[in-house]
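# Residue-level structure breakdown
The chain contents come next:
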Amino acid sequence: MASKFGKMVHKSLPSLKCVTVDVTGTLIAYKGSLGDYYCLAAKRIGLPCPDYDRMHEGFKVAYQEMAQKHPCFGNATNMPNIEWWRTVVHNSFLKAGYDYNSETLEKIFVRIYSTFGSTAPYDLLSDAKPFLHWIRKQGITVGIVSNAEHRYRDVILPVLGLKQGSEWDFGVFSGIDGVEKPDPRIYELALKKAGVIDASEVLHIGDNYKKDYLPAKAVGMHAVLLDRFNTVQSNTWKENGALVFSDLVEVEKYMHSRWNLIPADRGVRKPGDELDRLSRVLTV
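The paragraphs below set out a description of the structure included in this document. Bear in mind the structure is a predicted one, so any value in this text is a computation, not a measurement.

## Focus on the overall build of the chain
- Tallying secondary structure elements over the chain gives twelve helices and eight strands in all.
- A burial count over the chain gives 49% of its 284 residues as buried.
- Of the contacts made within the chain by residues no fewer than 6 positions apart, 68% connect residues no fewer than 24 positions apart.
- Accessible surface computed for the chain: about 13,600 Å², of which carbon and sulfur atoms make up 51%.

## Focus: the pattern of salt bridges
- Under the defined criterion, the tally for this structure stands at 15 salt bridges.
- Of the charged contacts, one joins aspartate 22 and lysine 181 as a salt bridge, the two residues approaching to 2.9 Å between their closest N and O atoms. Of the two residues, aspartate 22 is situated in the loop between β1 (18-21) and β2 (28-30) and lysine 181 in the loop between α7 (174-177) and α8 (185-194); the sequence distance between them amounts to 159 residues.
- When its relative accessible area of 6% is taken as the criterion, lysine 181 is described as buried.
- Note that arginine 185 and aspartate 183 form a salt bridge whose closest N and O atoms lie 2.8 Å from each other.
- Judged by relative accessible area, which is 22%, aspartate 183 ranks as partly exposed.
- A single salt-bridge network, built from bridges that share partners, covers Asp22, Lys181 and Asp212.

## Some words on helix α2 (residues 52-69)
- Across its 18 residues, α2 extends 26 Å between first and last C-alpha, which sits within 8% of the 26 Å expected from 1.5 Å per residue.
- Within the sequence span of α2, burial applies to Met55, His56, Gly58, Phe59, Ala62, Tyr63 and Met66. Down the axis of α2, the smallest arc covering the buried residues is 165°, so these residues share one side. Exposed side chains of α2 directed beyond 90 degrees from the buried face belong to Asp53 and Gln68.
- The inward-facing, buried residues of α2 contact α1 (34-43) and α3 (81-95).
- One side-chain oxygen at the N-terminal end of α2 lies 3.1 Å from the backbone nitrogen of aspartate 53; it belongs to aspartate 51.

## A closer look at the sheet that holds β1
- Spatial strand order, β5-β4-β1-β6-β7-β8: six strands in an open sheet with parallel pairing. Edge strands, defined here as strands with exactly one partner in the open sheet, are β5 (170-173) and β8 (244-245).
- Two strands pair when backbone bridges link them, and strand β7 (residues 222-226) and β8 are joined in this way by two bridges, in the parallel orientation. Bridge assignment links leucine 226 to a residue of β8, and that residue is phenylalanine 245.
- The strands that helix α5 (residues 128-137) touches are β1, β4 (141-146) and β6 (202-206); relative to β4, the one it contacts most, it runs at about 135°.
- Contacts from helix α11 (residues 248-259) reach β1, β6, β7 and β8, with the element oriented near 155° to β7.

## Considering the pairing of β4
- Burial analysis of β4 places five of its six residues in the buried class, the great majority of the element.
- In this sheet, β4 lies alongside β1 in parallel orientation, the contact comprising four bridges. Pairing of cysteine 18 across the sheet is with threonine 141, part of β4.
- As judged from the four bridges shared by β4 and β5, these two strands associate in the parallel manner. Pairing of valine 145 across the sheet is with valine 172, part of β5.

## A short note on α5
- Among the residues making up α5, those that are buried are Ala128, Phe131, Leu132, Trp134 and Ile135. What you see down the axis of α5 is that its buried residues fit within an arc of 160°, all on one side.
- Elements that come into contact with the buried residues of α5 comprise β1, β3 (122-124), β4, β6 and α11.
- Backbone geometry just downstream of α5 places glycine 139 in the positive-phi region, at approximately 85°.

## Looking at unusual backbone geometry
- Put simply, lysine 181 and proline 182 share a cis peptide bond, and its omega is 10°.
- For asparagine 78, which is not glycine, the phi dihedral falls at a positive 60°.

## Examining the packing of α1 against α2
- Between α1 and α2, the least distance of the axes is 8 Å, while the angle of their chain directions is 105°. The pairing of α1 with α2 is recorded here as roughly perpendicular in orientation. Between α1 and α2, the residues in contact are Leu34, Gly35, Asp36, Tyr38 and Cys39 and Tyr52, Met55, His56 and Phe59, respectively.
- A per-class count over the contact of α1 with α2 returns six nonpolar, two polar and one charged.

## Side note on the state of the cysteines
- Summed over all chains, the structure comprises zero disulfides.
- A disulfide-free cysteine, cysteine 49 has its sulfur positioned 4.3 Å from the sulfur of cysteine 39, the nearest such atom.
- By relative accessible area, cysteine 49 is classed as partly exposed at 34%.

The rules behind the values
Residues numbered from 1 in each chain as written. Predicted model: local features only at pLDDT ≥ 70, side-chain atom pairs only at ≥ 80, totals over all residues. Heavy atoms only, no water. Helix = DSSP H or I, 4+ residues; strand = E, 2+ residues; numbered from the N terminus. Buried < 20%, exposed > 50% of the residue type's maximum accessible area, 1.4 Å probe, protein only. Contact = heavy atoms within 4.5 Å. Areas by Shrake-Rupley, 256 points an atom, 1.4 Å probe, with all protein chains shown as cover. Salt bridge = Lys/Arg side-chain N within 4 Å of Asp/Glu carboxyl O. Expected span 1.5 Å × (residues − 1). Arc of directions from axis to C-beta. Polar contact = N/O pair within 3.5 Å; in protein donor to acceptor, adjacent residues only side chain to side chain. Pairing = 2+ DSSP bridges. Axes fitted to C-alpha atoms, helices over the stretch in contact; angles between N-to-C directions. Parallel < 35°, antiparallel > 145°, perpendicular 65-115°, else oblique. Nonpolar A, V, L, I, M, F, W, Y, C, P; charged D, E, K, R; others polar. Disulfide = S-S within 2.5 Å.

Here you go:
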C-alpha cells in the first residue's frame, strides 16, 4: 500500500537502527541576527551602535577566513577555541570598518564569547525534544552531527534540555572530533560511534543540502531535509531528489510510513505555530 508520501512500505526494508540529526536549524535556532549581539556588546561598553548589516557581513568574511585557515574551530591546527573566536570577533569589527584599539576589541570579545557560550542566543524548537524522545522509545540510537565546538555539547544543549543519555546517545562535533561537514568522514565517524556497519540502517536529518544531505547520502545513509521557513532554495533541493519537510512532526510521519514505526500521540498542532514563534535564523 502506498503512503501519503508516495513510498511503499515493505517488510523487507532494512531496519532503522540509528538517526543522526543536525543541531542549528534542526533542533535549535538563533534568536535574532548575529549583528544584534555584536552591536549590543559594543553598546554595553559605551560605544555607538555599529551598523547591524555591516557587522553581519564583516562576521561572515572573518568567519569564513578562519574556517579555511584553521578548520574545525581551530582543532585542525591545534589552535585553542577561545583564540579562534577572539580572532573572528576582532576581525569581524575590523572588516566591518570599525578600527577599535586592542583593549576595546578585547572588552567586546569577552562579552560576545560569554553570550554565545550560554543559551541566551538560542531557542529550542518545540518539536525537537518530543521527536528525539519518540525515536529513542523505538529502541533507535540518536546521534548529533554538528559543525560546532565543545560548548554546544557541554553547555548549550544540556541547558536547553537536550541531554546526552536522555535525548541523544552520542555526538560528533567538528570542534571536538576534528572533522566537519561537508566532509563525508564526519558521517563515517557517526556510523562508527553508533556501532552500525550498514549505513542504509541510518537516517540523517538536517537543513543544509550541501552539508547534510549530499555527504550523508555519499556514505550510504538515508537523508531528509528540513525547510522550516519555506525558502526558495528548497525547490532546488526537491528537484534534485531530496525529501524536504516543514518540521520534525512531518519527518516523524514519514519515518512511520517508511519504516513502519509506532506513531506518537502529539495532540493537535495548528499550522504555522512554529513559524510564528521563531525569530530569524542566522546563516553563515
